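Tertiary structure, described
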Amino acid sequence: MKEPALHIVMVGHVDHGKSTVIGRLLYDTKALPEGTFDKVKRIAKETGKPFEYAYLLDAFEEEQKQGITIDTTQLQFKTDKREYVIIDAPGHQEFLKNMISGASNAEVAFLIVDAARGVEEQTKRHAYILKLLGIKKIYILINKMDLVDYQQAKFEAVKQQVADFLNTLHVKPSGYLPISAYYGENLLKASDKLAWFHGKSFIETLDSIEAADQPVDKPLRLPIQDVFKFDDRRIIAGRIEAGTLKIGDQITIYPSGRQTEVTAFANWVPKDAKTKAAAGQSVGVMVKDEFFNQRGEIITKTEDQTAAPAVTNILQTNLFWMGQAPLVPGKVYKLKIATQQVNAKVLKILKVTDAGTLAAKEDASQVNLNDVAEVVFQTEQPLVYDFFDQQHVTGRFVVVDGYDVAGGGTITENYQGEVALKGGDFTDNLNHYQVNIFDSYSLTGGGRIETDEYQGKFALNEKIPLEGKGYHYPSSFNIILPRQDRVLLVQDGRFRDVVALDDDLDWQIPTINNIGAKVNINQPEDLQEFLNEQETLNDKTKAAFYQKWLDFNAYHQVLIENI
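Residues numbered from 1 in each chain as written. Predicted model: local features only at pLDDT ≥ 70, side-chain atom pairs only at ≥ 80, totals over all residues. Heavy atoms only, no water.

Points about unusual backbone geometry
Here the amide bond leading from Tyr254 into Pro255 is cis, since omega sits at 20 degrees, within 30 degrees of zero. Summarising the element assignment, Pro255 is placed in the loop between β10 (250-254) and β11 (258-265). Of note, the phi angle at Asn461 is positive, near 75 degrees, even though the residue is not glycine. Here Asn461 lies in the loop between β26 (455-459) and β27 (467-468). Judged by relative accessible area, Asn461 falls into the partly exposed class, the value being 43%. (Helix = DSSP H or I, 4+ residues; strand = E, 2+ residues; numbered from the N terminus. Buried < 20%, exposed > 50% of the residue type's maximum accessible area, 1.4 Å probe, protein only.)

Considering the packing of helix α8 (residues 524-535) against helix α9 (residues 542-549)
At a minimum axis distance of 11 Å, the contact between α8 and α9 shows a crossing angle of 160 degrees. The orientation of α8 with respect to α9, classified from their angle, is roughly antiparallel. Viewed along their axes, α8 and α9 form a crossing whose handedness is left-handed. For the pair α8 and α9, contact is made by Asp526, Glu529, Phe530, Glu533 and Gln534 and by Phe545, Lys548 and Trp549, respectively. (Axes fitted to C-alpha atoms, helices over the stretch in contact; angles between N-to-C directions. Parallel < 35°, antiparallel > 145°, perpendicular 65-115°, else oblique. Left-handed = near helix turned anticlockwise from the far one by under 90°. Contact = heavy atoms within 4.5 Å.)

What about the nonpolar core?
Within the largest apolar cluster, 36 residues are counted, with the highest numbers of intra-cluster contacts made by Val9, Ile135, Ile140, Ile142, Met145, Val162 and Leu166. For Leu166, the contacting residues outside a window of four places in its chain are Ala127, Ile140, Val171, Pro173 and Tyr176. Listed in part, the 25 residues of the second largest apolar core include Leu6, Leu26, Leu75 and Phe77. (Core = buried A, V, L, I, M, F, W, Y, C linked by side-chain atoms within 4.5 Å.)

Topic: the sheet that holds strand β33 (residues 518-519)
Sheet architecture is open: six strands sit in the order β31-β30-β29-β32-β33-β34, paired in mixed fashion. Every other strand in the sheet has two partners, leaving β31 (494-500) and β34 (550-551) as the edge strands with one partner each. Pairing of strand β32 (residues 511-512) with β33, which is carried by two bridges, proceeds in the antiparallel orientation. In the strand pairing of β33, Thr511 is matched with Val519. (Pairing = 2+ DSSP bridges.)

Side note on helix α5 (residues 121-132)
The end-to-end C-alpha distance of α5, which contains 12 residues, comes to 17 Å, matching closely the 16 Å that a straight helix rising 1.5 Å per residue would cover. Burial analysis of α5 places nine of its 12 residues in the buried class, the great majority of the element. All buried positions along α5 are accounted for by Gln122, Thr123, Arg125, His126, Ala127, Tyr128, Ile129, Leu130 and Leu132. Immediately beyond the C-terminal end of α5, within one or two residues, lies Gly134, with a positive phi of roughly 80 degrees. (Expected span 1.5 Å × (residues − 1).)

Brief notes about the environment of Ile437
Considering the arrangement of structural elements, one finds Ile437 in the loop between β23 (432-435) and β24 (440-443). Distance from Ile437 to Tyr555, taken between C-alpha atoms, is 9.6 Å for residues 118 residues apart in sequence. Non-local contacts of Ile437, meaning those with residues more than four positions away in its chain, are made with Phe426, Tyr471, Tyr473, Phe477, Ile479, Ile512, Asn513, Asn514, Ile515, Gly516 and His556.

A few points about the pairing of strand β16 (residues 332-337)
Regular strands show a simple pattern: their side chains alternate between the two faces of the sheet. Side chains of β16 alternate between two faces, with Tyr333, Leu335 and Ile337 buried and Val332, Lys334 and Lys336 left unburied. In the sheet, β16 pairs with strand β17 (residues 340-354) via six bridges, with the strands oriented antiparallel. By the bridge assignment, Tyr333 is partnered in β17 with Ala344. Where β16 hands over to β17, the hairpin turn is made up of two residues, of which Ala338 adopts a positive phi near 55 degrees. As defined by bridge partners, β16 adjoins strand β20 (residues 396-401) across three bridges and the pair is classed as antiparallel. Paired with Leu335 across the strands is Val399, a residue of β20.

A few points about the confidence of the model for the protein
Any region with low pLDDT has predicted coordinates that should not be read closely. Averaged over every residue, the pLDDT of the protein is 85; the share at 70 or more is 90%. This model gives residues 59-66 a pLDDT under 50, and the stretch forms nine contacts once residues within four places in sequence are excluded. (pLDDT = per-residue confidence, 0-100.)

Comments concerning the sheet that holds β11
Spatially, six strands are ordered β7-β8-β13-β11-β10-β14 in a closed barrel, and the strand pairing comes out antiparallel. Averaged over all adjacent pairs, the angle separating strand axes in this sheet is 50 degrees, with direction ignored. Relative to strand β13 (residues 282-287), β11 runs antiparallel, the two sharing three bridges. Across the sheet, the residue bridging to Phe265 is Val285, located in β13.

Details of the pattern of salt bridges
Inspection of the entire model under this criterion finds 18 salt bridges. Ionic pairing is found between Asp114 and Lys144, a salt bridge with its closest N-O pair at 3.5 Å. In this pair, Asp114 is assigned in strand β4 (residues 108-114) and Lys144 in the loop between β5 (137-143) and α6 (152-168), connecting sequence segments 30 residues apart. Exposure remark for Asp114: the relative accessible area of 2% places this residue in the buried category. (Salt bridge = Lys/Arg side-chain N within 4 Å of Asp/Glu carboxyl O.)

A word on the packing of aromatic side chains
According to the stated counting rule, one finds 24 aromatic pairs in the structure shown. Seen in terms of ring centroids, Tyr454 and Phe458 are 6.4 Å apart; in terms of plane orientation they differ by 5 degrees. Their pairing is stacked. When its relative accessible area of 26% is taken as the criterion, Tyr454 is described as partly exposed. Residue classification places Phe458 among the buried positions, given a relative accessible area of 5%. An aromatic cluster of at least three residues, connected via ring pairs, comprises Phe426, Phe438, Tyr454, Phe458, Tyr471, Tyr473, Phe477, Phe495 and Tyr555. (Phe/Tyr/Trp six-rings, centres within 6.5 Å; stacked < 30°, edge-to-face > 60°.)

Looking at a nonpolar patch on the surface
Where nonpolar side chains cluster on the molecular surface, the patch consists of Phe228, Phe230, Trp268 and Val269 and spans about 450 Å² of accessible area. Tracing the chain through its elements places Trp268 in the loop between β11 and β12 (276-278). Taking the relative accessible area as the measure of exposure, Trp268 reaches 77% and is therefore exposed. (Patch = residues over 30% accessible without salt bridge, like charges linked within 9 Å, V, L, I, M, F, W, Y side chains within 5 Å. Areas by Shrake-Rupley, 256 points an atom, 1.4 Å probe, with all protein chains shown as cover.)

Some remarks on the side chain of Lys301
Along the polypeptide, Lys301 turns up in strand β14 (residues 298-301). Residue Lys301 is classed as buried on the basis of its relative accessible area of 9%.

Dropping the structure here:
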């Protein structure tokens with residue numbers, strides 16, 4: 001049995017020979033479709049150009065015009081040991097967005113450096129992004145050794161130059177290899193022209209790399225994509241991103257932490273029936289206990305709680321910014337992890353690094369295009385995540401500004417600093433619950449609604465401000481938080497308790513949601529109907545749902561100012 005395919009990414013400064021490395025590799029391993037080599041050779045002759053192995057990758061007309069790679073392409077070849085998938089990531093600065101999407105799935109990276117030119121700007125940028133993406137195994141291919149007469153001294157000089165730079169990133173490469181891709185030297189086997197090099201050839205190096213744990217061997221991560229109801233069946237749908245799942249497994253669903261048991265997998269016809277599933281499969285799961293679930297929640301195995309995901313409103317990220325408008329503190333963006341999508345405000349910019357010069361600023365007021373930054377977000381709702389080196393899908397994210405993907409990155413550590421939480425922070429000494437029920441809203445002369453955010457912390461039995469600028473609440477009410485499976489109880493103007501959503505509550509007391517809108521729940525049956533409709537909410541049903549269940553004006557008024 002061959003080992004599973006190994007995904008590798010190739011990066012390098014433009015004109016350092018990345019496409020030639022890949023083209024020659026595909027040619028030498030006989031991975032090209034029959035006739036491709038002869039066809040490209042004939043076209044080169046007809047156009048009067050010298051043949052280049054890089055032409056084998058020029059699949060797009062635009063690439064052939066510009067002579068550069070502008071897309072992220074996946075190519076396959078194999079050795080006697082296993083199959084390989086090359087993720088060919090672009091080299092030009094304006095295509096770094098594609099490089100990020102390509103490199104993010106790789107287990108091993110090869111950074112290609114021209115032996116004659118050494119480290120250049122994009123070499124630095126690509127190395128930094130490989131670190132940002134959490135790729136641990138990085139090899140350096142010092143290419144075009146033919147241009148320096150295969151001199152060992154030149155190889156050692158460039159190797160030292162690369163090592164000095166990578167040391168500033170705290171990156172220790174897995175190895176350095178001298179090659180001449182155009183002439184195939186040291187690609188498939190040792191080269192007589194590089195007799196002084198006693199290491200392995202490129203292919204021997206590849207075959208010696210141990211693959212990382214496969215997703216199926218990791219703790220279960222099943223992000224919920226949707227919830228469907230057919231007859232009396234309630235089906236939780238999603239794609240298993242890591243681990244395995246079978247009937248009878250005890251599961252925990254985050255962020256609420258509710259536990260239940262898998263009773264069945266849905267199927268359309270009997271032949272599709274299954275009792276277990278694994279990473280990479282899309283499934284419909286039915287569970288023993290019916291309580292509120294929704295898109296974005298993460299299903300885990302209860303037995304794997306030593307590797308449970310983190311749940312937080314405060315998120316420290318390593319971010320690569322691709323937005324034309326800079327990222328600025330205080331602005332709210334959409335942040336997506338797996339199927340989760342939440343509003344997230346930029347609380348702090350800890351550090352900004354120019355990915356070309358690596359000049360770092362720790363007092364930056366914004367993050368500009370192509371900057372790398374450490375940014376702290378506060379999310380409106382609890383977010384479930386893992387560190388990237390433990391779980392890739394729940395450890396990386398994208399940031400959406402309006403309708404555009406403006407940034408992306410990874411989560412590698414927890415935020416340890418102090419932060420003044422925005423909104424009302426209710427705590428029962430064990431958990432924090434962020435609600436924005438005390439904010440005030442103003443209509444400005446420009447026709448925009450502006451928010452004046454309230455900030456305050458409330459422990460059990462503390463008084464809360466029932467009246468303020470633009471809002472007033474009754475002395476007793478419930479704050480319903482379905483995503484966390486909790487209800488906060490306010491009685492006689494004080495924060496009294498936190499209870500589970502299915503506790504026996506007095507629904508005659510007014511109920512509000514996390515932004516202070518009155519929820520039209522007056523009895524237990526109303527709660528179940530509300531949760532059922534919210535669970536299957538989509539863009540088509542949102543308007544009717546809000547009109548039926550929510551009344552924002554019950555306890556709020558929008559203040560008119562400067563008109």
